[in-house]
Amino acid sequence: QKEVEQDPGPLSVPEGAIVSLNCTYSNSAFQYFMWYRQYSRKGPELLMYTYSSGNKEDGRFTAQVDKSSKYISLFIRDSQPSDSATYLCAARAAGNKLTFGGGTRVLVKP
Amino acid sequence: ETGVTQTPRHLVMGMTNKKSLKCEQHLGHNAMYWYKQSAKKPLELMFVYSLEERVENNSVPSRFSPECPNSSHLFLHLHTLQPEDSALYLCASSQDLVAKNIQYFGAGTRLSVL
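Residues numbered from 1 in each chain as written. Chains lettered and ligands numbered in written order. Predicted model: local features only at pLDDT ≥ 70, side-chain atom pairs only at ≥ 80, totals over all residues. Heavy atoms only, no water.

S.K.: Please provide a residue-by-residue account of the overall build of chain A, values included.
M.R.: A count of helices and strands for chain A gives zero helices and eleven strands. Ordered by position from the N terminus, the helices and strands of chain A form the series β-β-β-β-β-β-β-β-β-β-β. Whereas a compact globule of 110 residues would reach a radius of gyration of roughly 13 Å, chain A reaches 13 Å, a difference of no more than 12%. For the C-alpha atoms alone, the extent of chain A along its principal axes is close to 40 × 25 × 20 Å. Sorting the 110 residues of chain A into buried and exposed places 44% on the buried side. Placing the 13 positive and 10 negative side-chain charges of chain A at their respective mean positions leaves the two points 6 Å apart. (Helix = DSSP H or I, 4+ residues; strand = E, 2+ residues; numbered from the N terminus. Rg over C-alpha atoms; globule rule 2.2 N^0.38 Å. Buried < 20%, exposed > 50% of the residue type's maximum accessible area, 1.4 Å probe, protein only. Lys, Arg positive; Asp, Glu negative; His and termini not counted. Charge placed at Lys NZ, Arg CZ, Asp CG, Glu CD.)

Here it is in structure tokens:
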């Protein structure tokens, strides 16, 4: 079983829709949770960073972590074509390496 | 720009060639990483350096040889690679190895082994 599972997509939505992305994980020791965005032919860039359970909002982006169900979510409101990218969730426990999901490809159609 | 620069951006090599990938970070960080990203697979951590000392080697074949001459530079030396080594190789850096610290990635080197 992979430590962090993520649906590869692609997830296609019309412009303006809400994009909903999810990951599940198996390691209960994970404390730090991240979402990276990766455009084609680019490296991953940090989008959201959350410590432990709870919600975090930054502009059109909301990250949620539910440690009781080992579930990580990212919501993108008012999606734009420029949001078309691959979104990687990642998690880390103290003293351990950063573990990534396989990424979900998102396509926002004008 | 994230402050992590990788060269070359693209590399095509034969199975008998020797080449090197270079990474430079301009962020004043003390930890640097090499990752491999293959199609439809999660990023795989290859090597971790902290203050120029290798602290992790995740069962990577010896045909990949890392070098960290100082805290700003990281190299990955390649020799006698296999076609299955074709992938995007990403370098990252972080302030140090503390779990809460964010890793910043370069744009990667797209490697094709013929």
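S.K.: How would you sum up the packing of aromatic side chains? Please name residues and give values.
M.R.: On inspection of all chains with the given rule, the structure shows eleven aromatic pairs over all chains. Ring geometry for A:Tyr36 versus A:Phe100: centroids 5.7 Å apart, planes at 50°, classification tilted. Taken together, the positions of A:Tyr36 in strand β4 (residues 32-38) and A:Phe100 in strand β10 (residues 99-100) put the pair 64 residues apart, joining distant regions of the chain. For the pair A:Tyr36 and A:Phe100, one class covers both residues: buried. Taken together, the ring pairs connect A:Tyr36, A:Phe100, B:Tyr33, B:Tyr35 and B:Phe105 into an aromatic cluster. (Phe/Tyr/Trp six-rings, centres within 6.5 Å; stacked < 30°, edge-to-face > 60°.)

S.K.: How would you sum up the sheet that holds strand β3 (residues 19-25) of chain A? Please name residues and give values.
M.R.: For sheets, the rule is that strands pair by backbone hydrogen bonds, running either parallel or antiparallel. Residues and elements named next belong to chain A. The five strands lie next to each other as β1-β3-β8-β7-β6, forming an open sheet whose pairing is antiparallel. Two strands in the sheet have a free side with no partner beyond their single neighbour: β1 (4-6) and β6 (54-58). When strand polarity is set aside, the average angle formed by the axes of neighbouring strands in this sheet is 15°. When β6 meets strand β7 (residues 61-66), the two strands line up antiparallel, connected through five bridges. Considered in β7, the bridge of Glu57 is made with Thr62. (Pairing = 2+ DSSP bridges. Axes fitted to C-alpha atoms, helices over the stretch in contact; angles between N-to-C directions.)

S.K.: Any details on the nonpolar core? Residues and values, ideally.
M.R.: Generally speaking, a soluble globular protein has its nonpolar side chains buried in company with each other. Residue and element names in this part refer to chain A. Core analysis: the biggest nonpolar cluster contains 24 residues, and Trp35, Leu74 and Tyr87 have the highest contact counts within it. The set of elements that each furnish at least two residues to this core consists of β3, β4, β5 (45-51), β7, β8 (71-76), β9 (85-92) and β11 (104-109). Not counting residues up to four positions away in its chain, the partners in contact with Tyr87 are Gln6, Leu21, Trp35, Tyr36, Arg37, Leu47, Leu74, Ile76, Gly103, Thr104 and Val106. (Core = buried A, V, L, I, M, F, W, Y, C linked by side-chain atoms within 4.5 Å. Contact = heavy atoms within 4.5 Å.)

S.K.: Kindly report on the pattern of salt bridges, identifying the contributing residues and their values.
M.R.: Going through the model one piece at a time under the given rule, you end up with five salt bridges over all chains. Residue A:Arg60 is joined to A:Asp83 by a salt bridge in which the shortest nitrogen-to-oxygen separation is 2.9 Å. Within this pair, whereas A:Arg60 is found in the loop between β6 and β7, its partner A:Asp83 is found in the loop between β8 and β9, the two being separated by 23 residues in sequence. What makes A:Asp83 buried here is its relative accessible area of 1%. The salt bridge involving B:Glu44 is made with B:Lys41; its shortest N-O contact spans 3.6 Å. Judged by its relative accessible area of 31%, B:Glu44 falls in the partly exposed class. (Salt bridge = Lys/Arg side-chain N within 4 Å of Asp/Glu carboxyl O.)

S.K.: For the side chain of B:Gln37, give the residues involved together with the corresponding values.
M.R.: Its location among the elements puts B:Gln37 in strand β4 (residues 31-37). A polar contact is formed between the side chain of B:Gln37 and the side chain of A:Gln38, at a distance of 2.9 Å. For B:Gln37, the contacting residues outside a window of four places in its chain are A:Gln38, A:Leu88, B:Leu43, B:Ala87, B:Leu88 and B:Leu90. (Polar contact = N/O pair within 3.5 Å; in protein donor to acceptor, adjacent residues only side chain to side chain.)

S.K.: Account for the pairing of strand β6 (residues 53-57) of chain B, naming residues and giving values.
M.R.: Residue and element names in this part refer to chain B. Taken together, the four bridges between strand β5 (residues 44-50) and β6 define a ladder with antiparallel strand orientation. If you follow Val48 over to β6, its bridge partner there is Glu56. Joining the antiparallel neighbours β5 and β6 is a turn of two residues, in which Leu51 adopts a positive phi near 50°.

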